[in-house]
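The residues making up each chain are set out below.
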Amino acid sequence: MSAESASAIQRSQVDLVDFVDWSGVECLNQNSSHSLPNALKQGYREDDGLNLESDADEQLLIYIPFTQVVKLYSVVVQGPEEEGPKTVKLFSNKEHMGFSNVNDFPPSDTAILSLDNLKGKPVGLKYVKFQNVRSLTIFIEDNQSGSDITKVQKIALFGTTVETTDMKGLKKIEDH
């Protein structure tokens, strides 16, 4: 996926933050005083003074389960120019991933974030790979400058819930 090929967020798509199952959200290698809710939760992620920071090295592994099945179209990952994420790998419906096995699975999609992406330009995803998403794992592999700390100011996921598919638009197949 080319991060530059992202299109604007379509009207039928919504910010999926309301469908996140917060009881199951996890982030590995986060700094305890700069944790995931700072970048993911509404209200917190709009505050420029708050961010998610990595702890021991530049990598972050984020697990986001949903309360219902969603279709994911695009993602926004904002961060500062230097410490902002660079290589972001997305995995659909892969549970119990850790740093020891994250490279054992092919990602559903990979994004190399540009400075425009870090400022809020959405990254369009390979739509066919994100049709029936029950959970999303985000692996931030490195950052723009190669420093030891990665900072994420905002993560926003855009798509639709499967239940909101317009069934009236589908045509019935007649038996012959």
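For the structure, see preceding data.
Quick caveat, the model's predicted, so the values are computed rather than measured.

Engineer: Got a sec to walk through the environment of Ile 112? Specific residues and values, please.
Structural biologist: Along the chain, Ile 112 turns up in strand 6 (residues 109-112). Separated by 24 residues in the primary sequence, Ile 112 and Val 88 have C-alpha atoms spaced 6.4 Å apart.

Engineer: Describe the packing of aromatic side chains, with residues and values.
Structural biologist: For any pair of aromatic rings, the description consists of the separation of the ring centres together with the inter-plane angle of the planes. Applying the stated criterion across every chain yields a total of two aromatic pairs. With 4.5 Å between their ring centres and 20° between their planes, Tyr 73 and Tyr 127 make a pair best called stacked. Of this pair, Tyr 73 sits in strand 4 (residues 60-78) while Tyr 127 sits in the loop between strand 7 (123-124) and strand 8 (133-140); the two residues are 54 residues apart in sequence, bridging distant segments of the chain. Between Phe 99 and Phe 139 the ring centres are 6.3 Å apart and the planes differ by 65°, which places this aromatic pair in the edge-to-face class. One end of the pair, Phe 99, is in the loop between strand 5 (87-92) and strand 6; the other, Phe 139, is in strand 8, with 40 residues separating them in the sequence. Residue class for Phe 139 comes out buried when judged on its relative accessible area of 1%. Note that Lys 41 overlies the ring of Trp 22, its terminal NZ or CZ placed 5.0 Å from the centroid.

Rules used in this analysis
Residues numbered from 1 in each chain as written. Predicted model: local features only at pLDDT ≥ 70, side-chain atom pairs only at ≥ 80, totals over all residues. Heavy atoms only, no water. Helix = DSSP H or I, 4+ residues; strand = E, 2+ residues; numbered from the N terminus. Phe/Tyr/Trp six-rings, centres within 6.5 Å; stacked < 30°, edge-to-face > 60°. Buried < 20%, exposed > 50% of the residue type's maximum accessible area, 1.4 Å probe, protein only. Lys NZ or Arg CZ within 6 Å of the ring centre and 35° of its normal.

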